[in-house]
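Residue-level listing of the chains:
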Amino acid sequence: MSFRAFRILVLLGLLALAAGVTWWEGAAVTSWKRPLEIVVYPVKGDGSEAVQRYVDGLTAERFREIGVFLREQSERYRIEKIAPVTVALGKPVRKLPPPRPEGRHSALDAVLWSLKLRYYAFKATPFFDSLGTVRLFVVYREGEEGKALEHSLGLRKGLLGVVHAYAAPKQDAQNNVVIAHELLHTLGATDKYDGAGMPVRPEGLGDPDRDPPYPQQTAEIMAGRVARSPTEAAIPDSLAACVVGYKTAFEIKW
Ligand SMILES: [Zn+2]
């Protein structure tokens with residue numbers, strides 16, 4: 001065998017291995033038979049002192065309610081209890097994740113970006129300890145009043161998410177709503193809001209059986225908003241005002 005053929009063979013072998021590991025990770029987390037470990041890696045999104053102080057003061061306790069939320073919600077669907085879900089706090093990451101392609105972009109741009117993100121995660125986190133765990137990079141910024149942060153996202157392949165959040169203790173509860181939403185994307189859940197940001201009926205409503213349907217009292221976590229009327233929706237204050245709806249439950253194999 002020529003050296004060139006050998007090199008190609010090794011490369012193909014590595015690609016097959018990577019694909020196999022990705023498949024195994026995805027299947028393992030949605031079996032719900034083994035504990036699901038989520039690791040939050042805080043990223044300082046700007047050099048401000050407020051962000052510095054906030055990130056340095058973070059503890060895993062701040063994210064505990066995410067695990068509690070999943071467990072409680074799973075009880076509405078599963079006869080067998082799911083294994084515990086824990087949220088650990090990883091070491092702060094210095095580098096920012098690669099920026100997501102904005103506006104019009106090709107499918108290739110999207111693929112390249114997702115590879116860049118996987119490479120970023122590979123460099124920023126321990127390899128073996130991260131196998132089978134969901135890694136969420138939470139980029140904290142001071143934020144300006146009325147100026148929206150970048151869009152957060154969760155990727156199924158590689159069990160990765162990037163969450164843009166506000167570095168303020170009074171935002172903790174709402175940050176946890178966004179983190180839980182992106183976490184569920186990594187487990188296979190799809191968005192349940194329309195182009196205008198309104199919850200899709202019926203699967204995006206907290207209680208699809210409510211009669212009359214509006215106003216709703218809770219938000220379906222993948223819709224992200226409490227529908228007050230067919231045209232008005234409010235951001236929930238915390239995970240206490242959120243539920244996992246039937247379609248999301250199906251998608252994440254509950
Ligand atoms: Zn989403």
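Engineer: Where do I start with the overall build of the protein chain in this structure?
Structural biologist: A tally of regular secondary structure across the protein chain gives seven helices and nine strands. For 254 residues, the compact-globule estimate of 2.2 N^0.38 gives 18 Å, and the C-alpha radius of gyration of the protein chain, at 19 Å, lies within 12% of that figure. Based on the C-alpha atoms only, the size of the protein chain along its principal axes is roughly 70 × 45 × 40 Å. Classification of the 254 residues of the protein chain by burial places 44% in the buried group. Of the roughly 14,400 Å² that the protein chain leaves accessible, carbon and sulfur atoms contribute 58%. Computing the positive centroid from 33 side-chain charges and the negative centroid from 29, the protein chain places the two 8 Å apart.

Engineer: Whenever I open this one, the side chain of Ser-229 confuses me. Can you help?
Structural biologist: Mapped onto the elements, Ser-229 comes out in strand β7 (residues 226-229). Classification of Ser-229 by relative accessible area gives buried; the value is 14%. A distance of 3.1 Å separates polar atoms of two side chains, one belonging to Ser-229 and the other to Glu-232. Beyond its immediate sequence surroundings of up to four residues, Ser-229 is in contact with Met-198 and Tyr-214.

Engineer: Is there a simple way to think about helix α3 (residues 64-74) in this case?
Structural biologist: Structural remark: α-helix, 3.6 residues per turn; residues separated by three or four positions point the same way. Three or more residues of α3 are buried, namely Ile-66, Gly-67, Phe-69, Leu-70, Gln-73 and Ser-74. The buried side chains of α3 occupy one side of the element, clustering within an arc of 155° when seen end-on. The inward-facing, buried residues of α3 contact β2 (85-89), α6 (172-186) and β9 (242-243).

Engineer: Would you mind going over the coordination of the zinc ion with me for this structure?
Structural biologist: Ideal values for angles at a metal depend on the geometry: 109.5 degrees with four tetrahedral donors, 90 or 180 degrees with six octahedral donors. The zinc ion binds to the protein through His-181 (NE2), His-185 (NE2) and Asp-191 (OD), with metal-donor distances spanning 2.1 Å. All donor residues of the zinc ion come from one chain, and their arrangement in sequence is H-x3-H-x5-D. Placement of the pair is His-181 and His-185 together in helix α6, with a separation of four residues, close to one helical turn. The class for His-181 is buried, based on a relative accessible area of 10%.

Engineer: Where do I start with the nonpolar core in this structure?
Structural biologist: Looking at soluble globular proteins, one finds that nonpolar side chains tend to be buried together. Membership of the largest hydrophobic core comes to 41 residues, with the highest contact counts inside it found for Tyr-140, Leu-184 and Ile-221. Of all the secondary structure elements, the ones that give two or more residues to this core are β1 (36-44), α2 (49-56), α3, β2, β3 (134-141), β5 (160-166) and α6. Top contributing element to this core by residue count: α6, with five residues. Composition of this core by domain shows at least three residues from each of domain 1 (32-188) and domain 2 (190-254). Val-43, Ala-121, Val-139 and Leu-153 belong to the second largest nonpolar core, which has 14 residues in total.

Engineer: Just checking my understanding: could you explain the pairing of β1 for this structure?
Structural biologist: On a regular strand, one side chain projects to one face of the sheet and the next to the other, so that they alternate. Burial of β1 is extensive: seven of the nine residues sit out of reach of the surface. In this structure, β1 lies alongside β2, joined through five bridges in parallel fashion. When the sheet's bridge partners are listed, Glu-37 is paired in β2 with Thr-86. Judged from the seven bridges that link them, β1 and β3 form a sheet pairing that is parallel. Bridging from a neighbouring strand, Pro-42 pairs with Val-138 of β3.

Engineer: Looking at this structure, how should I read the sheet that holds strand β4 (residues 153-155)?
Structural biologist: Sheets are built from strands that pair by backbone hydrogen bonding, the pairs being arranged parallel or antiparallel. Read across the open sheet, the five strands follow the order β2-β1-β3-β5-β4; overall the sheet is mixed. Two strands close off the open sheet at either side, each with one partner strand: β2 and β4. Averaged over all adjacent pairs, the angle separating strand axes in this sheet is 25°, with direction ignored. Bridge count between β4 and β5: three bridges; the pairing is antiparallel.

Engineer: Is there a simple way to explain the packing of α3 against α6 in this structure?
Structural biologist: Contact geometry for α3 and α6: axes closest at 9 Å, N-to-C directions at 55°. Taken as axis vectors, α3 and α6 run oblique relative to one another. In this structure, the crossing between α3 and α6 has a hand that is right-handed. Along its contact with α3, which presents Glu-65, Ile-66 and Leu-70, the element α6 presents Ala-173, Asn-176, Ile-179, Ala-180, Leu-183 and Leu-184.

Cut-off values and rules
- Residues numbered from 1 in each chain as written.
- Predicted model: local features only at pLDDT ≥ 70, side-chain atom pairs only at ≥ 80, totals over all residues.
- Heavy atoms only, no water.
- Helix = DSSP H or I, 4+ residues; strand = E, 2+ residues; numbered from the N terminus.
- Rg over C-alpha atoms; globule rule 2.2 N^0.38 Å.
- Buried < 20%, exposed > 50% of the residue type's maximum accessible area, 1.4 Å probe, protein only.
- Areas by Shrake-Rupley, 256 points an atom, 1.4 Å probe, with all protein chains shown as cover.
- Lys, Arg positive; Asp, Glu negative; His and termini not counted.
- Charge placed at Lys NZ, Arg CZ, Asp CG, Glu CD.
- Polar contact = N/O pair within 3.5 Å; in protein donor to acceptor, adjacent residues only side chain to side chain.
- Contact = heavy atoms within 4.5 Å.
- Arc of directions from axis to C-beta.
- Donors = N, O, S within 2.8 Å, 3.2 Å for Na, K, Ca; no water.
- Core = buried A, V, L, I, M, F, W, Y, C linked by side-chain atoms within 4.5 Å.
- Domains from an automatic or database assignment.
- Pairing = 2+ DSSP bridges.
- Axes fitted to C-alpha atoms, helices over the stretch in contact; angles between N-to-C directions.
- Parallel < 35°, antiparallel > 145°, perpendicular 65-115°, else oblique.
- Left-handed = near helix turned anticlockwise from the far one by under 90°.

Limitation: the analysis is restricted to geometry and does not speak to function.
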